[in-house]
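Chain by chain, the residues run as shown.
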Amino acid sequence: MISKGFQTSQPQAVPQMSFPGAGNRNVNNLPLDNAGKRAWSFGLFDCLGDINTCCLACWCPCLAHAKNRRRLDHLNTHGIPDPNRNTVIGGDSLIFAIAEVACDMGWILQIATRKNIRQRYNIQGSSASDCCAPFCCQSCDLVQGSREIQLEEESFTIQNQ
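Residues numbered from 1 in each chain as written. Predicted model: local features only at pLDDT ≥ 70, side-chain atom pairs only at ≥ 80, totals over all residues. Heavy atoms only, no water.

Summing up its helical and strand segments, the protein chain has six helices and two strands in all. The 161 residues of the protein chain split such that 42% are buried. Once local pairs closer than 6 in sequence are excluded, the contacts in the protein chain between residues at least 24 apart make up 64%. For the protein chain, the exposed area adds up to about 9,200 Å²; of that, 59% sits on carbon and sulfur atoms. (Helix = DSSP H or I, 4+ residues; strand = E, 2+ residues; numbered from the N terminus. Buried < 20%, exposed > 50% of the residue type's maximum accessible area, 1.4 Å probe, protein only. Contact = heavy atoms within 4.5 Å. Areas by Shrake-Rupley, 256 points an atom, 1.4 Å probe, with all protein chains shown as cover.)

Attention shifts here to the packing of aromatic side chains. What characterises a pair of aromatic rings is the spacing of the ring centres plus the angle enclosed by the ring planes. Tallied over the entire structure, the rule returns one aromatic pair. On the basis of an interplanar angle of 70° and a centroid distance of 5.0 Å, the ring pair of Trp107 and Phe135 is categorised as edge-to-face. Placement of the pair is Trp107 in helix H4 (residues 107-120) and Phe135 in helix H5 (residues 127-136), with a sequence separation of 28 residues. Overall, Phe135 belongs to the exposed group, its relative accessible area being 54%. (Phe/Tyr/Trp six-rings, centres within 6.5 Å; stacked < 30°, edge-to-face > 60°.)

For H4, which comprises 14 residues, the first-to-last C-alpha distance of 20 Å matches the rise-based estimate of 20 Å (1.5 Å per residue) to within 8%. Looking at H4, one finds that the buried residues are Trp107, Gln110, Thr113, Arg114, Ile117, Arg118 and Arg120. End-on, the buried residues of H4 take up no more than an arc of 160°, which puts them together on one face. (Expected span 1.5 Å × (residues − 1). Arc of directions from axis to C-beta.)

So, on to the packing of helix H3 (residues 92-103) against H4. Running from N to C, H3 and H4 cross one another at 135°; their axes reach a closest spacing of 8 Å. In this view, H3 runs oblique relative to H4, as classed from their interaxial angle. Of the residues in H4, those touching H3 at Ile95, Phe96 and Glu100 are Trp107, Leu109 and Gln110. Among the residues forming the contact of H3 with H4, the class breakdown is four nonpolar, one polar and one charged. (Axes fitted to C-alpha atoms, helices over the stretch in contact; angles between N-to-C directions. Parallel < 35°, antiparallel > 145°, perpendicular 65-115°, else oblique. Nonpolar A, V, L, I, M, F, W, Y, C, P; charged D, E, K, R; others polar.)

The subject of this paragraph is the pattern of salt bridges. If you walk through the whole model with that rule in mind, you get ten salt bridges. Where Arg71 meets Glu153, a salt bridge forms, and the shortest distance between an N and an O atom there is 3.0 Å. Separated by 82 residues along the polypeptide, Arg71 in helix H2 (residues 61-78) and Glu153 in helix H6 (residues 138-159) bring together distant segments of the chain. Two residues, Asp130 and Arg118, come together in a salt bridge whose shortest N-O distance is 2.7 Å. With Asp130 in helix H5 and Arg118 in helix H4, this pair connects stretches of sequence that are twelve residues apart. Taking relative accessible area as the criterion, Asp130 reaches 1% and is therefore assigned buried. We classify Arg118 as buried; its relative accessible area is 10%. The network of salt bridges with shared partners includes Arg114, Arg118, Asp130 and Asp141. (Salt bridge = Lys/Arg side-chain N within 4 Å of Asp/Glu carboxyl O.)

Moving on: the nonpolar core. Judged by nonpolar contacts, Cys47, Cys54, Leu56, Ala57, Cys62, Leu63, Ala64, Phe96, Cys137, Cys140, Leu142 and Val143 together constitute the single largest core of twelve residues. Elements with a minimum of two residues in this core: helix H1 (51-59), H2 and H6. Those residues in contact with Leu142, other than ones at most four positions away along the chain, are Ala57, Pro61, Ala64, His65, Asn68 and Gln110. Membership of the second largest hydrophobic core comes to eight residues, among which are Trp40, Leu75, Ile117 and Phe156. (Core = buried A, V, L, I, M, F, W, Y, C linked by side-chain atoms within 4.5 Å.)

Spatial relationships are all this shows, so hold off on functional conclusions.
Laid out in structure tokens, this is it:
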């Protein structure tokens, strides 16, 4: 209701992004923009919020990337968290390691993974930001993606209790 140029009603609640057979894709209930997109749940430089993944991403980014890819692919394919999501070894790690060791270009493989995470969770961004984030801070990008996936995985546990 609007009275003399002032709005007197409260804003509507933000709907959760839950899908049948899937976890909550907006666990923190972040506001959506006009296009239905939201911000990342954690900032790019919030990597110390998950110190284990941060260490893995700093010292062995090939394993952190493979772990993110495997978890995301499992969620997309099966609609449930990967039962082996805490295991580090993954098939993509060898390709990443070769690209990283041969020409310091492992970050290029992260671009597609970041884009897929953004699309799954309706996160704001562009192809340019998908390229810049891993290029500028490879380990921060890996941690940010991991934490976003982890929120949905943990929402399954909450739903099943």
